[in-house]
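# Residue-level structural notes
For reference, the chains in residue letters:
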Amino acid sequence: MNAPETRTITLHPSGNPIGKPDTPYLLNTWYAAALSTEVPTEGMMQRTLLDTSVLLYRKADGTAVALHDRCPHRFVPLSMGRREGDDVVCRYHALRFDCTGTCTHNPHGNGHIPAAARVRSYPLLERHGLLWIWMGEMPADPSKLPDFGPLDDGPATGLAHTYMPMKAHYELIIDNVMDLSHVDHVHGEIITTRGQLSPLIPPVKEENDTVNVRWEWSQTPAMLIFANFLPDPAQGARHFLDVTWFAPATIRLMVGAVQDGTSPLDLAHTVGQYDVHTCTPASEGHTHYWFATRRNHVVDDAGFNAMKIQAMHGAFVNEDGPIIEAVQREMNTPDFFALNPVLISSDVAPVRVRRLLRRMIDAERRWA
Amino acid sequence: MNAPETRTITLHPSGNPIGKPDTPYLLNTWYAAALSTEVPTEGMMQRTLLDTSVLLYRKADGTAVALHDRCPHRFVPLSMGRREGDDVVCRYHALRFDCTGTCTHNPHGNGHIPAAARVRSYPLLERHGLLWIWMGEMPADPSKLPDFGPLDDGPATGLAHTYMPMKAHYELIIDNVMDLSHVDHVHGEIITTRGQLSPLIPPVKEENDTVNVRWEWSQTPAMLIFANFLPDPAQGARHFLDVTWFAPATIRLMVGAVQDGTSPLDLAHTVGQYDVHTCTPASEGHTHYWFATRRNHVVDDAGFNAMKIQAMHGAFVNEDGPIIEAVQREMNTPDFFALNPVLISSDVAPVRVRRLLRRMIDAERRWA
Amino acid sequence: MNAPETRTITLHPSGNPIGKPDTPYLLNTWYAAALSTEVPTEGMMQRTLLDTSVLLYRKADGTAVALHDRCPHRFVPLSMGRREGDDVVCRYHALRFDCTGTCTHNPHGNGHIPAAARVRSYPLLERHGLLWIWMGEMPADPSKLPDFGPLDDGPATGLAHTYMPMKAHYELIIDNVMDLSHVDHVHGEIITTRGQLSPLIPPVKEENDTVNVRWEWSQTPAMLIFANFLPDPAQGARHFLDVTWFAPATIRLMVGAVQDGTSPLDLAHTVGQYDVHTCTPASEGHTHYWFATRRNHVVDDAGFNAMKIQAMHGAFVNEDGPIIEAVQREMNTPDFFALNPVLISSDVAPVRVRRLLRRMIDAERRWA
């Protein structure tokens, strides 16, 4: 007879809803909270992450801070208040909290500060141009954030980031990136594979809480995002697309083209780009979506860089986005499988991701 | 001891919500889906009927098609996609469906089409300037659509149709037409009976899933919609109003006036009109409402025809509509009787309709 | 063994939702329904009070009337109808009701009026510039309305009223007034106590279904709303603030300043004002909020009077209001204590009010 394994988790006294048994999200993990550039050096910003209102600001030394955006006294959003040095003062009764969430001043009565007068603070990592937040109850583990080092490698004019709020469940956005067979049907001339991609049944690998899918194909001419940077823009090229999901909601996408017949299909040998897409649920039907792109060509041209990210942003907002949001409205439930989808060959990778993420969330619930 | 009767119903594999035991609508019947003129000869339109998103379009030969507006793969509305001949191609992954809902092309992998890749199609009838849809599980029965032949009889300039979306339960609209005692109180000079209608206790007949109510009265002058077409517009006239409800939500209304004392009160002997009102629930609190009107006077005047339907449309939108929508907000439930209405003599016909419709829906539920 | 006490309550036959066991409000009490000036001498107005739509109008003799704003026949808001003398005629089928809610005319059929054709009427009191409504099932008891006689005492130019709809639970507004320690933090220069108020731990008294809290302090200069009317505006003054809550949702607030060292701190001896704040829930998350203010200085200046009420209205709408509405959104529940608030010394009075009100509502539920 097996005794159930047990583990002790210290619940935070803040009354924060995160960590409730019915929370639908993976919690002991890193989620993007904001672009580094979104959090100002003065002032404060509010963002709802995992159904929780979070206050983001920077200390005088530039370090970013994340606190539950709710005064524990009368539940006023702290983001309505004001900064006092590295502390935050509540708008209503002027309780003051430091960047760890400890109440440091109570102007009322004899100034006594109740022990419970604490705001939950959330560990942050600032990496690859993004702030990553840990909202689970277990100790934050920096080693759990995947290394997207290539994003950092090269001049600023070869790297760009963007942010898009979406009225859709985050898994619908992950589905979209994990199954790129849609590019010929959804997108225009710029990133078409001229029908080469859809017929492929790409290999899918699952290991260490990641799912990888890879396409390799030839087309003439090359994808237009690369053709002009190849020796002969009008000729055919070999291409690859290598897409890896990291739990819970981050995807690394490498894509490139080359015109010789022997080079390995990787970013070192092709004209290509290294992208990171990441999603954080605001709530069940609303998602924050960011992506970052690093090119290995035209890396010193700020104008080209601006055009590049604008085009990527536009393709998503004008082409993928409306479809995904329509699916959200039509499904009207987060439970994809309950609607009995008819699955086809290109669904292998996104379905693997959905099932692995479900197992991880279920496992976390059993611990909690 | 009676064994319960049983019947086998083949449920459609599309996952379509229609036909669930808790569906509040009568299903094995014809509902209006659109005016013939609403469905274009090219392109597609979407309309929510009975809580279900329906795609409507016409084949090259003009035949109208109704499909569940949801790709069975990833639940994208097919109405976001494009036509390819008589087929429809999904916007997301380009699965193609013919007008029967059969998937005819899958551009992915080896092109295999799963047997389940089907969209539910709905039988349509095109009659009397309307498209009628059958959304139940039993075989569509054209004989169940009542014959409104008189609508078709005469020149185009003697017939007009209109469409009005309403934020109200469809039974509130039926109540409105089945109890015309409101005309003196709600409407203006044009269709007033000068108080003659309300005091009457009209006979109500129920037979063969229809409910009929009939008023006959005299007034001076005649209703203004007819007075100018009678021998002496200033004199009195005998009138009749004959209203018949056909389950679930269609009403035939005949009304006319005559100045001699002996003619039978019917459309053959009076200056009058033959109207059909029909409602289709979009959802519990939203209804599509159409009506058609055929006159037996001034039948060749296109300008008069346009003015006539505009006046009828305006009377409903500006006079009945706001009352019915206010009742919907005040009731905040579809269950009229649960609110203990105080019924008066003029409620006999609408209450008969409500009770008969309820029995029909309950009977259908027992079969399902 | 104690037998439970019993009491017989005659439920009103109108089907009105007020008085259901799960109603969250204290019912057998007076609530403000409108400013006297809000209810016109002709026409009608509608206002939702305690989740019930109420029709307010005045008879020819000026007496105000409150009826359930719902025709018992087909549930049309009577406020859509028209006045006929002191009666109201329904917009839909012209049933007529007098100011007691009795149906006095039915134009349909033989004119029979069913006994159930009654609209619930609500007792009103018109006092202190407000109409007060009794929505409970027990007989209205005028002695239960507290006496705010000082409001009526003095010239019209020394008294002003205002009305503000709020998207917040009414208890959040009561909290705001019962804990005035926020004034130094929320409001600007006009009513600041320059930090003198917050450190005080004011005495709180609970008696006869009221809760009183009182602050006394000195500051230099005096509160700016009073300083210019004191002998030496630049000098210090002794102040008092005396706040009394009357169940369920009315607060009397007396505040004044004096520069001599011996006068009693009351309105007879200080430059001050007598205010009444009162709230009526429209629904759980929406509240009608009124206040009235009577000064004992500059009482004959209509321009000053207008400026005074505009400043008070503005302070609430621009300063308190946004905080309270943000708390409402953040709490997303009416159950304050369920969120484990961290209470501090200044919460004593509002917490006493919340607990006493809860006991009164629970007691009423046991009777019902």
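Note that the structure is a prediction, hence the values are computed from the model and not measured. (Residues numbered from 1 in each chain as written. Chains lettered and ligands numbered in written order. Predicted model: local features only at pLDDT ≥ 70, side-chain atom pairs only at ≥ 80, totals over all residues. Heavy atoms only, no water.)

Right, let's get into the domain arrangement of chain A. Residues and elements named next belong to chain A. Parsing chain A into structural domains produces domain 1 (32-134) and domain 2 (146-334 + 341-367). Domain 1 puts 14 residues into the contact, and the matching count from domain 2 is 18 residues. When domain 1 packs against domain 2, the two sides together hide about 1200 Å² of surface, and 62% of this comes from carbon and sulfur. Contact with domain 2 buries area across many residues of domain 1, yet A32, L35 and H128 alone supply 44% of it, more than any other trio. Residue assignment for the side of domain 1 that touches domain 2 shows that the elements contributing at least two residues are strand 1 (30-35), strand 2 (45-49) and strand 10 (130-134). Residue contributions to the side of domain 1 that touches domain 2 peak at four residues, all from strand 1. Broken down by class, the residue content of the side of domain 1 that touches domain 2 amounts to eight nonpolar, three polar and three charged. (Domains from an automatic or database assignment. Contact = heavy atoms within 4.5 Å. Buried area = accessible area lost by both parts, 1.4 Å probe. Helix = DSSP H or I, 4+ residues; strand = E, 2+ residues; numbered from the N terminus. Nonpolar A, V, L, I, M, F, W, Y, C, P; charged D, E, K, R; others polar.)

This part is about the interface of chain C and chain B. Contact residues are listed per partner, giving 24 residues for chain C and 31 residues for chain B. Between chain C and chain B lies a buried interface of about 2300 Å² when both sides are counted; carbon and sulfur atoms form 60% of it. Of all residues in chain C, R74, F75 and Y92 of chain C bury the most surface against chain B, accounting for 34% of the area lost on that side. Here chain C and chain B share three salt bridges between them. (Salt bridge = Lys/Arg side-chain N within 4 Å of Asp/Glu carboxyl O.)

Below, the discussion takes up helix 1 (residues 170-178) of chain C. Note on helix geometry: an α-helix contains 3.6 residues per turn, so any two residues three or four positions apart are oriented the same way. The buried fraction of helix 1 of chain C is high, at nine of nine residues. Looking only at helix 1 of chain C, the buried set comprises Y170, E171, L172, I173, I174, D175, N176, V177 and M178 of chain C. (Buried < 20%, exposed > 50% of the residue type's maximum accessible area, 1.4 Å probe, protein only.)

On to the packing of helix 1 (residues 170-178) of chain B against helix 4 (residues 302-331) of chain B, then. All names here are of chain B. Following both chains from N to C, one finds helix 1 and helix 4 inclined at 130°, their axes separated by 10 Å at the closest point. Between helix 1 and helix 4, the angle is such that the two are oblique. Once helix 1 is placed against helix 4, the crossing between them reads as right-handed. Residues L172, I173 and N176 of helix 1 touch helix 4, and the partners they reach there are F316, D320, I324, V327, Q328 and M331. Here the residues of the contact of helix 1 with helix 4 sort into six nonpolar, two polar and one charged. (Axes fitted to C-alpha atoms, helices over the stretch in contact; angles between N-to-C directions. Parallel < 35°, antiparallel > 145°, perpendicular 65-115°, else oblique. Left-handed = near helix turned anticlockwise from the far one by under 90°.)

As a further point, take the pairing of strand 9 (residues 124-127) of chain B. All names here are of chain B. When strand 9 meets strand 10 (residues 130-134), the two strands line up antiparallel, connected through four bridges. Bridge pairing in strand 10 links L125 to W132. Connecting the antiparallel pair strand 9 and strand 10 is a turn made up of two residues, with H128 showing a positive phi of about 60°. (Pairing = 2+ DSSP bridges.)

This paragraph deals with the interface of chain A and chain C. In this complex, chain A contributes 24 residues to the contact, which on the side of chain C involves 31 residues. Around 2300 Å² of area is buried between chain A and chain C when both sides are counted, 60% of it from carbon and sulfur atoms. Ranking the residues of chain A by area buried against chain C places R74, F75 and Y92 of chain A at the top, with a combined share of 34%. Inspection of the chain A/chain C interface yields three salt bridges. Ionic pairing is found between R74 of chain A and D175 of chain C, a salt bridge with its closest N-O pair at 2.8 Å. Along the contact surface separating chain A from chain C lie 12 residue pairs in polar contact (both at pLDDT 80 or more). (Polar contact = N/O pair within 3.5 Å; in protein donor to acceptor, adjacent residues only side chain to side chain.)

The next thing to look at is the sheet that holds strand 9 of chain B. Residue and element names in this part refer to chain B. Strand order across the open sheet formed by three strands is 1-10-9, with antiparallel pairing between neighbours. Two strands bound the open sheet, and with one partner strand each, they are strand 1 (30-35) and strand 9. The mean angle between the axes of side-by-side strands here comes to 30°, regardless of whether they run parallel or antiparallel. Two strands pair when backbone bridges link them, and strand 1 and strand 10 are joined in this way by five bridges, in the antiparallel orientation. What sits directly across from A34, in strand 10, is L131.

Attention now moves to the relation of the copies chain A and chain C. The pair of chain copies shares a relation made of a rotation about an axis and a shift along it. For the pair chain A and chain C, the relating rotation is 120°, the translation along its axis is 0.0 Å, and the fit reaches an RMSD of 0.0 Å. Expressed as an axis order, the relation between the two copies is that of a three-fold axis. Looking at the rotation axis and the C-alpha trace of chain A, the residue lying nearest is N332 of chain A, at 13 Å. (Least-squares fit on C-alpha atoms with pLDDT ≥ 70 in both.)

A separate point is the environment of N296 of chain B. Residues and elements named next belong to chain B. Here N296 lies in the loop between strand 17 (286-295) and helix 4. C-alpha separation for the pair N296 and D153, spaced 143 residues apart in sequence, amounts to 9.8 Å. The contacts of N296, once residues within four sequence positions are left out, are L267, T270, V271 and G272. Among the polar contacts made by the side chain of N296, one reaches the main-chain carbonyl oxygen of T270 at a distance of 2.8 Å.

To continue, consider helix 4 of chain B. Residues and elements named next belong to chain B. In this model helix 4 runs 41 Å from its N-terminal to its C-terminal C-alpha over 30 residues, within 8% of the 44 Å that 1.5 Å per residue would give. In helix 4, a bend of some 45° at G321 exceeds every other bend along the element, and P322, a proline, comes one to four places later. A distance of 3.0 Å separates the backbone nitrogen of G303 from a side-chain oxygen at the start of helix 4, and that oxygen is part of D301. At the exit of helix 4 stands N332, carrying a positive phi of roughly 55°. (Expected span 1.5 Å × (residues − 1). Bend = angle between axes of the 7 residues up to and from the residue.)

What follows is about the sheet that holds strand 4 (residues 64-68) of chain B. All names here are of chain B. One open sheet holds the three strands; their spatial order is 2-3-4, and the pairing between them is antiparallel. Looking at strand neighbours, the two that pair on one side only are strand 2 (45-49) and strand 4, the edges of this open sheet. Across the sheet, the mean angle separating the axes of adjacent strands is 30° when strand polarity is ignored. The pairing of strand 3 (residues 52-58) with strand 4 spans five bridges and is antiparallel. Note on strand 4: the bridge partner recorded for R58 is A64.

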